[in-house]
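# Close look at the chain arrangement
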There are 2 protein chains.
Amino acid sequence: MSLSNIRIVLIQTSHPGNIGSAARAMKTMGLSELCLVKPKRFPAPEANVMSSNAEDILDNAIIVDNLQQAIADCHVVIGTSARYERNLRWETFDPRYCGEFVGKALSKNKKVALIFGRERSGLTNEELSMCQHLVHIPTNPDYSSLNVASAVQILSYECRMGAKDIKPIRHELNEEVVSAEDMEGFYQHLETALIEVEFLNPENPRYLMPRLRRMYGRINVTRSELSLLRGMVSAFQGRKFTRRNKES
Amino acid sequence: MSLSNIRIVLIQTSHPGNIGSAARAMKTMGLSELCLVKPKRFPAPEANVMSSNAEDILDNAIIVDNLQQAIADCHVVIGTSARYERNLRWETFDPRYCGEFVGKALSKNKKVALIFGRERSGLTNEELSMCQHLVHIPTNPDYSSLNVASAVQILSYECRMGAKDIKPIRHELNEEVVSAEDMEGFYQHLETALIEVEFLNPENPRYLMPRLRRMYGRINVTRSELSLLRGMVSAFQGRKFTRRNKES
């Protein structure tokens, strides 16, 4: 089933029991792929106890050093955010819309990552900037202390609901959408070029790159379009080098 | 808030930790009324630990001897069922429909009870017969081992979504999307710049601009993003002009 194309990514989880509970939550909803970014302690007996009989998910969990590695092969990257502020530059979904959105992505054979931050502090700004979209669970404003496994439970449930009634879509661009890793390469390239032309000041970057990421992240860039973008940025850089060569 | 008219009823819960987790789950979604039917052990330190800061819900929990007492003053009584059998005796909802149904009941000032059975064995036939409706959470058929607090979490979430005062978040960037005319200005600007850096040959343009149009056209560029794009292209051009000025 397509739900196997969802990867749940937990970042620096402090309590191994939460990892176990998250695995159980995933499995009840038919999800199977768990990725742990620098877990504080794992494997751990508490994780196994809390996983109930979802130990297979723990056994198969991938452990990586950073978010970039966790999402390298993913096409859709959605971060969870405990706060919902309208002034953020991300598209923000509620869990229901997120489930529908993920359901559609799965029907196009896309790989989806759902990112959950640290128990206390959530996601860093750098991690947020790697997300194409955010999902906010609309908790009680007076008490938004949602356990990380509970957040996994709600979103896994909504993904299951969203995947259930996928209608086939006949008119699709067949071309492959590039992965987060490919886009990362483009962003690095663009950033370098923007620094070269002094549009971006590394000492005072403001929100330039996050804003560009938000914007380009919405495109769902295809393979040939990525070449076009890279070529364009190279051309803008190349001009400079050409002129420099002429001067020398 | 009307969510205070929902009573969560837990029947003969074995693990006090689950009672605490259920209280936390309720509070994150704005529910407050907990009723325990013959809990095995309560109050208990594990319950308080797992409740995080939702101890007020535990402190105010009502403890009764049987389901009949728990639901005496309720107008709508909904039981949770791990199995979904097309049963002639009950209307059975999924959590989403349950949330909408509860939302409607709350808007008419009705008191609603949601009943959760024992960890292992659920509700007895006698208890089921006291329910007007059933709700079934559509779990993975190969692994339906949903923790009782997780079930409370999902249904509390759906009740919150179903209550009228929660607005859905479909925040596709609030900001105004620019017009086709504005985009046309950008495309002209980009085309000029690409000719300047000789990425685009006006004698042999191939499909470069149509491809770029198709790609950027998918973004739904906002006002501030258009400024960013124009600024970026100008910067790529400006570098050239700066250098030209220096040369002259």
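Residues numbered from 1 in each chain as written. Chains lettered and ligands numbered in written order. Predicted model: local features only at pLDDT ≥ 70, side-chain atom pairs only at ≥ 80, totals over all residues. Heavy atoms only, no water.

Glancing now at the overall build of chain A. Secondary structure summary: chain A contains 10 helices and seven strands in total. When each of the 248 residues of chain A is scored for burial, the buried share is 59%. A sequence separation of at least 24 residues applies to 84% of the contacts in chain A between residues at least 6 apart. If you sum the accessible surface of chain A, you get close to 11,000 Å²; carbon and sulfur atoms cover 46% of it. (Helix = DSSP H or I, 4+ residues; strand = E, 2+ residues; numbered from the N terminus. Buried < 20%, exposed > 50% of the residue type's maximum accessible area, 1.4 Å probe, protein only. Contact = heavy atoms within 4.5 Å. Areas by Shrake-Rupley, 256 points an atom, 1.4 Å probe, with all protein chains shown as cover.)

A word on the environment of B:Ala105. All names here are of chain B. Within the fold, Ala-105 resides in helix α5 (residues 95-107). Using a relative accessible area of 7% as the deciding quantity, one classes Ala-105 as buried. For Ala-105 and Thr-222, which are 117 residues apart along the polypeptide, the C-alpha to C-alpha distance reads 41 Å.

For the rest of this paragraph, the subject is the pairing of strand β6 (residues 112-116) of chain B. Residue and element names in this part refer to chain B. Counting buried positions over the five residues of β6 gives five, a clear majority of the element. Of the two faces of β6, both are covered, the one formed by Val-112, Leu-114 and Phe-116 as well as the one formed by Ala-113 and Ile-115. Sheet topology places strand β4 (residues 76-80) next to β6; four bridges connect them, and they run parallel. Each residue of the ladder has a partner; that of Val-76, found in β6, is Val-112. (Pairing = 2+ DSSP bridges.)

Quick look at the confidence of the model for chain A now. Residue and element names in this part refer to chain A. In the predicted model, chain A carries a mean pLDDT of 87, and the fraction of residues at 70 or more is 89%. Confidence over residues 166-173 falls short of pLDDT 50; this stretch has six contacts with residues more than four positions distant or in other chains. Considering only residues more than four positions removed or in separate chains, one finds that residues 240-248, a stretch of pLDDT under 50, has 11 contacts. Two summary scores accompany this predicted model of the complex, namely pTM at 0.74 and ipTM at 0.71. (pLDDT = per-residue confidence, 0-100.)

To continue, consider the sheet that holds β6(B). All names here are of chain B. Overall, parallel pairing links the seven strands, which are arranged β3-β2-β1-β6-β4-β7-β5 in an open sheet. The open sheet is flanked by β3 (62-64) and β5 (91-93), the only strands paired with a single partner. With direction set aside, neighbouring strand axes in the sheet form an average angle of 25 degrees. The pairing of strand β1 (residues 6-11) with β6 spans five bridges and is parallel. For Arg-7, the partnering residue across the bridge sits in β6 and is Ala-113. Contacting β1, β4, β5, β6 and β7 (133-135), α5 runs over the sheet at an angle of about 165 degrees to β4. Contacts from helix α7 (residues 148-162) reach β1, β4, β6 and β7, with the element oriented near 155 degrees to β6. (Axes fitted to C-alpha atoms, helices over the stretch in contact; angles between N-to-C directions.)

Moving on to the interface of chain A and chain B. With 70 residues of chain A at the contact, the number on the chain B side is 66 residues. Of all residues in chain A, A:Arg96, A:Tyr143 and A:Phe236 bury the most surface against chain B, accounting for 12% of the area lost on that side. The tally of links from chain A across to chain B stands at three salt bridges. Taking the shortest distance from any N to any O, the salt bridge between A:Glu225 and B:Arg214 comes out at 3.7 Å. Taken together, chain A and chain B are joined by 23 residue pairs in polar contact (both at pLDDT 80 or more). If you list the elements that add at least two residues to the side of chain A that touches chain B, you get α1 (16-28), β5 (91-93), α5 (95-107), α7 (148-164), α8 (180-196), α9 (208-217) and α10 (223-247) of chain A. When residues of the side of chain A that touches chain B are assigned to their parent elements, the largest contribution, 13 residues, is made by α10(A). Here the residues of the side of chain A that touches chain B are counted per class, giving 33 nonpolar, 17 polar and 20 charged. (Buried area = accessible area lost by both parts, 1.4 Å probe. Salt bridge = Lys/Arg side-chain N within 4 Å of Asp/Glu carboxyl O. Polar contact = N/O pair within 3.5 Å; in protein donor to acceptor, adjacent residues only side chain to side chain. Nonpolar A, V, L, I, M, F, W, Y, C, P; charged D, E, K, R; others polar.)

As a further point, take a nonpolar patch on the surface. Among the surface-exposed residues, A:Val49, A:Met50, B:Val49 and B:Met50 lie close enough to one another that they form a single nonpolar patch of about 370 Å² accessible area. Mapped by element, the contributors of at least two residues to the nonpolar patch are α2 (45-50) of chain A together with α2 (45-50) of chain B. Position of A:Met50 relative to the elements: it lies in helix α2. (Patch = residues over 30% accessible without salt bridge, like charges linked within 9 Å, V, L, I, M, F, W, Y side chains within 5 Å.)

With that out of the way, let us pick up the nonpolar core. If you look at soluble globular proteins, the nonpolar side chains tend to sit buried side by side. If you look at the biggest cluster of nonpolar residues, it comprises 87 residues, and the most contacted ones within it are A:Ile8, A:Leu10, A:Leu34, B:Ile8, B:Leu10 and B:Leu34. The element best represented in this core is α7(A), accounting for 10 residues. Residues contacting B:Ile8, with those up to four places away along its chain left out, are B:Met26, B:Leu31, B:Glu33, B:Leu34, B:Cys35, B:Leu114, B:Phe116, B:Val152 and B:Ser156. In this structure, A:Val178, A:Val221, A:Ala235 and B:Met232 belong to the second largest nonpolar core, which totals 46 residues. (Core = buried A, V, L, I, M, F, W, Y, C linked by side-chain atoms within 4.5 Å.)

Moving on, we come to the environment of B:Glu100. Assignment of secondary structure puts B:Glu100 in helix α5. For the pair formed by B:Glu100 and B:Met232, sequence separation is 132 residues and the distance between their alpha carbons is 48 Å.

Residue and element names in this part refer to chain B. Here β1 lies mainly inside the structure; six of its six residues are buried. Neither face of β1 is open: one carries Ile-6, Ile-8 and Leu-10, the other Arg-7, Val-9 and Ile-11, and all of them are buried. Sheet analysis places β1 next to strand β2 (residues 33-37), joined by five bridges and oriented parallel. Across the sheet, residue Ile-11 finds its bridge partner in β2, namely Val-37. Regarding the hand of the β-α-β motif, the stretch spanning β1, helix α1 (residues 16-28) and β2 is right-handed. (Right-handed = clockwise from strand over helix to strand, strands pointing away.)

Enumeration over the complete set of coordinates arrives at 12 aromatic pairs over all chains. Measuring from ring centre to ring centre gives 4.8 Å for B:Phe93 and B:Phe101, while their planes differ by 45 degrees; the resulting arrangement is tilted. Here B:Phe93 falls in the buried class, since its relative accessible area comes to 6%. Residue classification places B:Phe101 among the partly exposed residues on the basis of a relative accessible area of 22%. Aromatic rings pair up to connect A:Phe186, A:Tyr187, A:Tyr216, B:Phe186, B:Tyr187 and B:Tyr216 into one cluster. (Phe/Tyr/Trp six-rings, centres within 6.5 Å; stacked < 30°, edge-to-face > 60°.)

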